[in-house]
Amino acid sequence: MNWVSQNLGFIAGLLSDHIVFSLVPVVIGLVLAIPLGWLANRAGVGRTVVVNLAGLLYTIPSLALFVFLPVVLGTGILDPVNVIVALTVYSLALLVRTVADALEAVPPVLVDAATAMGYAPVRRFLAVELPVSVPVILAGVRVAAVSSISLVTVGSVIGFGGLGQMFTDGFQRDITAEVVAGIVLVVALALVVDGLLLLVGRLLTPWDRAARATRQGATA
Amino acid sequence: MNFLGWLVDPAHWSGPGSIPQRLVEHLGYTALVMIIAIAIAVPLGAWIGHTGKGGFLVVGSANGLRALPTLGVLVLLVQWTGLGIIGPLVALVLLAIPPVLAGTYAGVRNVDAAVVDAARGMGMRGRGVLFGVELPNALPLIIGGVRSSVLQVISTATIAAYVGLDGLGRYIIDGLSTRDFPQMIAGSILVALLAVVADLALAGLQKLLVSPGLQTAGTGRRVRALATRPTDNAARAA
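Residues numbered from 1 in each chain as written. Chains lettered and ligands numbered in written order. Predicted model: local features only at pLDDT ≥ 70, side-chain atom pairs only at ≥ 80, totals over all residues. Heavy atoms only, no water.

Caption draft 1: Structural detail: the overall build of chain A. The number of helices and strands found in chain A is ten helices and zero strands. With the principal axes as the frame, chain A shows a C-alpha extent of 65 × 50 × 25 Å. Looking at chain A residue by residue over its 220 residues, the buried ones come to 45%. In chain A, once contacts between residues fewer than 6 apart in sequence are set aside, the share between residues at least 24 apart is 71%. Within the structure as shown, chain A displays about 10,200 Å² of accessible surface, and the carbon and sulfur contribution to it stands at 71%. (Helix = DSSP H or I, 4+ residues; strand = E, 2+ residues; numbered from the N terminus. Buried < 20%, exposed > 50% of the residue type's maximum accessible area, 1.4 Å probe, protein only. Contact = heavy atoms within 4.5 Å. Areas by Shrake-Rupley, 256 points an atom, 1.4 Å probe, with all protein chains shown as cover.)

What follows is the structure in C-alpha cells.
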C-alpha cells in the first residue's frame, strides 16, 4: 500500500471527479423523472411507452452507450459530457419507473381526503402524493446512485472515469495496489453515499419514524 | 455518418476479425459463462431458498454486485492470472452468479406456502416438492435472474476487450487505439443490438417455459413485476 500513501493528491483529485461524474446524473435524472413519472402514472398509454422505453435504454451496455451518444448529441467522441449524459439516461430510465410505481402505490383514500380538504391538483401532488412516495422513490435513488458510482469507472476506458483511472493506470503500469485501492474506494464511496441517502430518507419522512416508534411501543 | 459505411463494408463481413466472427465469439463467451454460472447458482440458490439458511448472504451478494466496479474486477483478475482468456472469463462468471442466485433464492422462497403444504398433503417429499413444485413456481424469477445476468455478461464482455478478450468489444477498443471512430461507433451499435435482441429472446423463452398457470392475468402481472424489478437493477453494474 506504499503506492497509495505516495499518491494521495492524485487519488483525491480522481475522487472529487468521481463524485461529480456519478452524482450529478442522479440529481438530473431524479428532477426529470418526477414530472415524467407523474405523467406516466396519469396516462395509461404513456405508462406503457415510458416503461418499455426505459427498459430498452437500461438494456444498452454502458461502454456502447458512452461511444454511441456523440452520434446523437453531436459531441466529440472523447468528450466527458458523453459519460454524464449516459449515466443520466440510466438514472432517468430507472427512476421514471420508480416514481410511477411510487405514485401508483399512494392510497387513494389519502388522495380523496386531500381533495375533500380543498387541495388543488398541483398542491395535492406536492404536499401529499410526493411526500408519501418518498420511501419508494428513495429506494430507487439509492440503487441509481450506487450503480452510477460503479458505472463511472467504465468511462476510464475512453478517458473519463474518475477513480476508474486507477484501473486503467494500474493495468498499464502493472501496479496491483493501485487497482485494489481503486476497487476499495469505489465500493466505500458507494456505501457512504447509500448510507447518507438512507439518513436523508429518515429526515424527509418523520411520520414514518413516529409510526415505527408507536409500533415498537405497542409490541414492547 | 461514415459508421454506416463501415457497417455495410463487405470487407467487415468475412475473414478474421469480421463481424460474424466477433459476434460468435461474444455469444460463445456469454454462453460458456452462463452455463457455468447457472450450474453453480441455481442449485445453490434452490438449496438456500429451500432450507432458508444463509439467505442474507444471497441478498448481500446481489446488492454488493451493484457497487463493485466491473472494470476493476477484470483488471485485477487479469493481473493475477496473466493475459489470456482465463482471467476475464473467471471475472465474468463471478459477476454472473449473484443475479441468478438471488432470482433462484427469491423464487423458491416466495412460493406460496399453501402450495407447498398442498404438495406435502398429496404425499410429496423433500426432493419431489423441490423439483415438482418449488422450482417450477420459481421459474419466472429464476429466468428473470438469468436475463439480468446475461445482460451483465454481454456488457462486461465488451469492457473485457480492454484487457484482451475478443468479441464485439474489440471494435470499440481497437478503434479507440487507432482513432478509427466509425469502427468504434459501429461496434457500439452492434453491442447494443446484441443486448436488446438477447433480452427479447430470453423474454420469449420465459413465456415459453413458465407454466401457463403462472401467467394468468392477475398473478402473472405480479410475478412479472417481481421478476423484472430487482434483477433489472442488478444488471446495471456494467
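Caption draft 2: Helix α7 (residues 121-151) of chain A, seen in detail. Compared with the 45 Å implied by 1.5 Å per residue over 31 residues, the 38 Å span of α7(A) between its first and last C-alpha is markedly short. For α7(A), the principal kink sits at V134(A) and spans about 55 degrees; a proline, P135(A), occurs within the next four residues. (Expected span 1.5 Å × (residues − 1). Bend = angle between axes of the 7 residues up to and from the residue.)

Caption draft 3: Structural context of helix α4 (residues 62-73) of chain A. Taking 1.5 Å of rise per residue, twelve residues should cover 16 Å, and α4(A) covers 16 Å from first to last C-alpha, within 8% of that figure. Every buried residue of α4(A) is accounted for by S62(A), L63(A), A64(A), L65(A), F66(A), V67(A), L69(A) and P70(A). Buried residues in α4(A) make contact with α5 (80-104) and α7 of chain A together with α7 (126-159), α8 (169-177) and α9 (181-209) of chain B. One or two positions beyond α4(A), positive phi appears at G74(A), with a value near 75 degrees.

Caption draft 4: Representation of the pattern of salt bridges in the model. Per the counting criterion, the structure on display carries nine salt bridges over all chains. Where E104(A) meets R47(A), a salt bridge forms, and the shortest distance between an N and an O atom there is 3.3 Å. In this pair, E104(A) is assigned in helix α5 and R47(A) in helix α3 (residues 44-59), connecting sequence segments 57 residues apart. The closest approach of N and O atoms between D199(B) and R147(B), which form a salt bridge, is 3.1 Å. Of this pair, D199(B) sits in helix α9 while R147(B) is found in helix α7, placing the two residues 52 residues apart along the sequence. The exposure class assigned to D199(B) is buried, which follows from its relative accessible area of 13%. Connected through salt bridges with shared partners, the residues R47(A), D101(A) and E104(A) form a single ionic network. (Salt bridge = Lys/Arg side-chain N within 4 Å of Asp/Glu carboxyl O.)

Caption draft 5: Broad picture of the UniProt feature "domain: ABC transmembrane type-1" (unreviewed entry) in chain A. The positions that UniProt labels "domain: ABC transmembrane type-1" (unreviewed entry) are, in the present scheme, residues 15-197 of chain A. Strand forms 0% of residues 15-197 of chain A and helix 83%; the C-alpha atoms that close the span are 19 Å apart. (UniProt positions renumbered as here; feature names shortened; annotations may be inferred.)

Caption draft 6: Region of the structure containing the UniProt feature "transmembrane region" (unreviewed entry) in chain A. All names here are of chain A. According to UniProt, the feature "transmembrane region" (unreviewed entry) maps to residues 20-40, 49-69, 81-100, 143-167 and 179-200 in the numbering used here. Note that residues 143-167 is 48% helix and 0% strand, and that its end C-alpha atoms are spaced 23 Å apart. Helix makes up 100% of residues 179-200 and strand 0%, whereas the separation of the span's terminal C-alpha atoms amounts to 32 Å.

Caption draft 7: Structural detail: the interface of chain A and chain B. At the junction of the two partners, chain A supplies 43 residues and chain B supplies 43 residues. Together chain A and chain B conceal approximately 3,600 Å² of surface at their shared face, both sides included; 74% is due to carbon and sulfur atoms. Here chain A is connected to chain B by zero salt bridges. Between the two partners, chain A and chain B, sit six residue pairs in polar contact (both at pLDDT 80 or more). (Buried area = accessible area lost by both parts, 1.4 Å probe. Polar contact = N/O pair within 3.5 Å; in protein donor to acceptor, adjacent residues only side chain to side chain.)

Caption draft 8: Representation of a nonpolar patch on the surface. Where nonpolar side chains cluster on the molecular surface, the patch consists of V20(A), V24(A), I28(A), L32(A), L36(A), W38(A) and L39(A) and spans about 550 Å² of accessible area. Residue placement: V20(A) occurs in helix α2 (residues 8-42). (Patch = residues over 30% accessible without salt bridge, like charges linked within 9 Å, V, L, I, M, F, W, Y side chains within 5 Å.)

Caption draft 9: The arrangement of the packing of aromatic side chains in detail. All names here are of chain A. Inspection of every chain in the model, using the stated rule, returns five aromatic pairs over all chains. Between W3 and F10, the ring centres sit 6.3 Å apart and the planes meet at 85 degrees, which makes this aromatic pair edge-to-face. Consider the rings of W38 and F125, whose centres lie 6.2 Å apart with planes at 65 degrees: the pair is edge-to-face. On the criterion of sequence distance, the pair formed by W38 in helix α2 and F125 in helix α7 is long-range, its members being 87 residues apart. (Phe/Tyr/Trp six-rings, centres within 6.5 Å; stacked < 30°, edge-to-face > 60°.)

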